[in-house]
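Okay, here's what each chain looks like letter by letter:
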Amino acid sequence: MKSFYIIDGSAYIFRAYYAIRELSNSNHLPTNAIYGFIQMVLKMVKDAQPDYLAITFDTKGPTFRHIAYPEYKANRSAMPEDLAVQIPYIYRAVSALGLFSILKEGFEADDLIGTLSKKGEAAGLSVTIMSGDKDMLQLLSPNIRMYDSLKEKFFTEESVQERFGVGVSQMIEIMGLMGDTADNIPGVFGVGEKTAKDLICEFGTIENLLANLNQVKKPKLKAALEKEQENARLSRSLATINTNCPILFDLSAYQVLPFNRGELIPLLKELEFSGLLKELSAQSSLAVATEPAEKQEDIEPETIFNLSDLLEKILQIKEGGSVGISIIASDDKATITMALCPVTGTPFHLLVNADECPLSLKEILESKDIYKVGHQMKSFLPILKKMGVNFSGPLFDTQIAAYLLNPTNRDYSLASVAALIDPRPIKSVYQQTSVLLELEKTLSTLLNEKGLSSLFSEIEMPLVPILSEMEEAGIKLDIAGFKAMLDDLTRSLEELTKRIYALAGHAFNINSPSQLGKILFEEIGLTPLRKTKTGYSTDEEVLTHLSASHELPAEILNYRHGVKLKSTYVDVLPRLADEKYHRVHTKLNQTIAATGRLSSSDPNLQNIPVVGEWGRRMRQAFIAEEGSQLLTADYNQIELRILAHLSEDPALILAFQTGEDIHLKTASEIFHLPKEVITKEMRRVGKTVNFGIVYGISPFGLSANLGIPQKEAKRYIDLYFSSYSGVKAFIEKTLAKASQNGYVTTLLGRRRDVPELQSGNKNLREAGERLAVNTPIQGSAADIIKRAMVRIDLWMRERGVKSKMILQVHDELIFEVPDGEIALMQENVPLLMEGAAELIIPLKVDLGVGENWWKAKQT
């Protein structure tokens, strides 16, 4: 579930103002509230890493509450002058930080928070209100919580019940009775929090209390309630947050964007926050230029129309030894715009035919002596290949460099990365080339400083053309097999639908959670696990739990699984295959996963099901061309082998050296039983524990995965660590080092910052601990298979084989191999993969060959 954080901006302003005093710039502008506000917001974003965020503010004018009660907040003094002058700068800061602020005349920040939180919940988000105001407690629900950063405490529905003894909906009843001196809400004279709480616990609501005053035992209290009935009703009304303000709710507006450096840098300089400017630069792994480079707009690119002018430019490129390149195909793909920038001289561009390249320019693009700098260079390669250009030589991709420096960033567009040296927006392809060479200098320096140069130049950059060729090759589909699968899956879903109707006793909309919830919990009488705002929860976890007591939840899970398979793969993949060769071409992405793993998209072929009938049939429908076979090469338990290497745990090392079944061994240890009597289910538990340790699993997580009590899960983990004490020591050492350094690294030097370790939020800190433990292991596995791909590609080119590397799925490589090269590839691929890293425990590769993906995996 994605997260939506809503900041009470007005509360943040006042807290910052009173927390920091006597701060101003050289022009005597007070800056204490601005500085404190920015720091608080940055800390919140850093700690929580929200998917969506909004900051609400109060407006100056009266609200509907002032109309209902003119004395509302009449006791408050005017905003201090030295704070008032800072408010416009705070609004500017919010915009510059890439955050969304919202304020509306006639409504308070509380009402905007109430509206946003309910709309966010309705949109399926997990909502956190950043405020310490008790008025917000009335908004809490299963998916809405409040966090008081001053107390470093979360408030939930359960918190309200524990603190006040009433439900969330009754909080306004308590506030109506006790009033609020801060907002000048009268309440009932003489009624404080304890009395109000006791009354509502007994009577439920103010109206029920007033209707049953004869049951109030204390005479003075009864008299006060009789006298001030209207005050109680008015106060409840004033304290009720409006959750239906007339505001637009567009999630895209609340995305946390990268800093707007064009706004942020000048603002921080004007406020003279030099330390904050440096801090932000360091946190984002991006250096901020003290002064913008020469205006991009002032660099007028030359248009090349004839060969003599082009030859002059080619000479400039050769003399300089480096060139910035951008290439864009026209909409009709008939022509190509090439924009280039030599080290000396001005940028230039030319329009060329998409089917051929001028020989003099081709020489430059193919030269192994000319250093070429571009952004997202993989997109160039198919265009250049069509032109007959074998693009080569030392390459520098600014997108990949920026990703290595900050792998958790969301935006690696050239506009974002170019802000390193100039915050102004890039307006044309010609400006791109003029900024690339300067950008390369900055990024190269940062890569070297952080020890990432070798990883960049020896693995990530050589991988670019390899991935391009894999994408172009694609993998062939058995279209007839998919058609048969679609027919069978459709029939299966129809039969499942009939069975579900029979179990339910009548037809209903299976895709409706509310209808399903009514059947399961009201008609059949199963016990609900939890409720949502719209009714009973019927998510996968709930249905899995209920399947033990009734057939219907199990069949619903089967139905949902079938529908997802049909809509995600069986319906879609044949339509994505090219018409001539029936091959589907995924995109292999280098700059998505923070661990360094490649990801697959459009379509995602890394998530093709593995188990069950449909997993088998789907993988059978990925086939080799006639006269070839698919060869699969899969690292055997690479992450556990890396764990053994990093931890140097003697028991783990011995198990791998002797070829022992590591999951069986772990199961034997945690169940205290001989290996001979360990069942398949026990081994599954051992496997879950083994990989759970790699991913830094907690007792809570392990209990959820295995469906066992947390106490039992903790016992399994403790037993694991008693058997593999070296692993426990490794984890403790890794966490200590990560806390000290602020980052972790892989075996090949890939680096990931883990700021969550310093968070005051326990949940975020524990998430950081899991990342710190897992990244060196999973990231090292990613690095090793990437290095293997580079080694294999080089060997294949040197040998001149016709085999093709066509897909990577996590720890597995898939090749399409002509029948005559099977033996050669079987002999050399494992050697190249197993030699990609030297570990205490040697790497091992499992090979398979077959006419389709499924058959290859069975050999």
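To be clear, the structure that these remarks concern was listed above.
Notes on the structure follow.

What counts and how
Residue positions are counted from 1 within each chain, in the order its sequence is given. Local features in a predicted model are, by the rule used here, given only for residues with pLDDT of at least 70; side-chain atom pairs are given and counted only at 80 or more, and totals for whole chains, interfaces and linings are based on all residues. Side-chain descriptors were evaluated using all non-hydrogen atoms of the structure, hydrogens and water having been removed beforehand. Here an axis means a line fitted to C-alpha atoms, over the contact stretch when the element is a helix, while the angle between two N-to-C directions is reported on a 0 to 180 degree scale. Only DSSP runs of H or I covering at least 4 residues are called helices, and only runs of E covering at least 2 are called strands; the numbering of each starts at the N terminus. Angle categories are assigned with fixed cut-offs, so that under 35 degrees is roughly parallel, over 145 is roughly antiparallel, 65 to 115 is roughly perpendicular, and the rest are oblique. The crossing is said to be left-handed when, going from far helix to near helix, the turn is anticlockwise and less than a right angle, and right-handed when the turn is clockwise. We call two residues in contact when some of their heavy atoms are within 4.5 Å. The classification of residues rests on relative accessible area computed with a 1.4 Å probe and restricted to protein chains. Under 20% of the type maximum is buried, over 50% is exposed, and intermediate values are partly exposed. One requirement defines pairing of two strands: DSSP has to find at least two bridges between them. Salt bridge criterion: a side-chain nitrogen from Lys or Arg within 4 Å of a carboxyl oxygen from Asp or Glu. The definition of a nonpolar core used throughout is a set of buried Ala, Val, Leu, Ile, Met, Phe, Trp, Tyr and Cys residues joined through side-chain atoms within 4.5 Å.

Bringing the packing of helix 18 (residues 398-405) against helix 21 (residues 453-473) into the picture now. Relative orientation of the contacting elements helix 18 and helix 21 amounts to 130°, with a least axis distance of 11 Å. The orientation of helix 18 with respect to helix 21, classified from their angle, is oblique. The element helix 18 and its partner helix 21 pack so that their crossing is right-handed. Facing Ile400, Ala401 and Leu404 of helix 18, the residues of helix 21 in contact are Leu455, Phe456, Glu460, Met461 and Val464.

With respect to burial, strand 1 (residues 3-8) is a largely interior element, six of its six residues being buried. On strand 1, burial covers both faces: Ser3, Tyr5 and Ile7 on one face and Phe4, Ile6 and Asp8 on the other are all buried. For strand 1 and strand 4 (residues 126-130), the ladder comprises five bridges, and the chain directions are parallel. Opposite Ile7, over in strand 4, you have Met130 as the bridge partner.

Right, let's talk about the pattern of salt bridges for a bit. Scanning the model with the defined rule gives 40 salt bridges in all. With its nearest N and O atoms 3.0 Å apart, the salt bridge here joins Asp571 to Lys566. Residue classification places Lys566 among the partly exposed positions, given a relative accessible area of 22%. One salt bridge connects Glu660 with Lys675, and the closest N-O pair in it is separated by 3.1 Å. With Glu660 in the loop between helix 29 (650-657) and helix 30 (662-671) and Lys675 in the loop between helix 30 and helix 31 (680-694), this residue pair connects regions lying 15 residues apart in the sequence. By relative accessible area, Glu660 is classed as partly exposed at 25%. Each of Glu173, Glu207, Glu230, Arg233 and Arg236 takes part in a single network of salt bridges with overlapping partners.

What follows concerns the nonpolar core. Grouped together as the largest cluster of nonpolar side chains are 70 residues, with contacts concentrated most on Tyr635, Leu643, Val727, Phe815 and Met833. Ranked by residue count, the leading element in this core is helix 35 (residues 762-799), at 12 residues. In this view, Tyr635 contacts Ile784, Ile785, Ala788, Asp811, Met833, Glu834, Ala836, Leu843, Lys844 and Val845; residues no more than four positions away in its chain are not counted. By size, the runner-up hydrophobic cluster in this structure holds 54 residues, among which are Ala354, Cys357, Leu381 and Ala418.

As a further point, take the pairing of strand 4. Counting buried positions along strand 4 yields four of five residues, so the element is predominantly enclosed. Alignment of strand 4 against strand 5 (residues 144-148), held across four bridges, turns out to be parallel. Pairing of Met130 across the sheet is with Tyr147, part of strand 5.

Taken in spatial order, the six strands make up an open sheet running 3-2-1-4-5-6, and their pairing is mixed. A strand with exactly one partner marks an edge of an open sheet, and here the two such strands are strand 3 (100-102) and strand 6 (153-155). With strand direction ignored, the average angle separating the axes of adjacent strands in the sheet is 25°. Of the strand pairs in this sheet, strand 1 and strand 2 (residues 52-56) are connected by five bridges, and their pairing is parallel. By the bridge assignment, Phe4 is partnered in strand 2 with Tyr52. Running at roughly 50° to strand 1, helix 1 (residues 9-19) makes contact with strand 1, strand 2 and strand 4 of the sheet.

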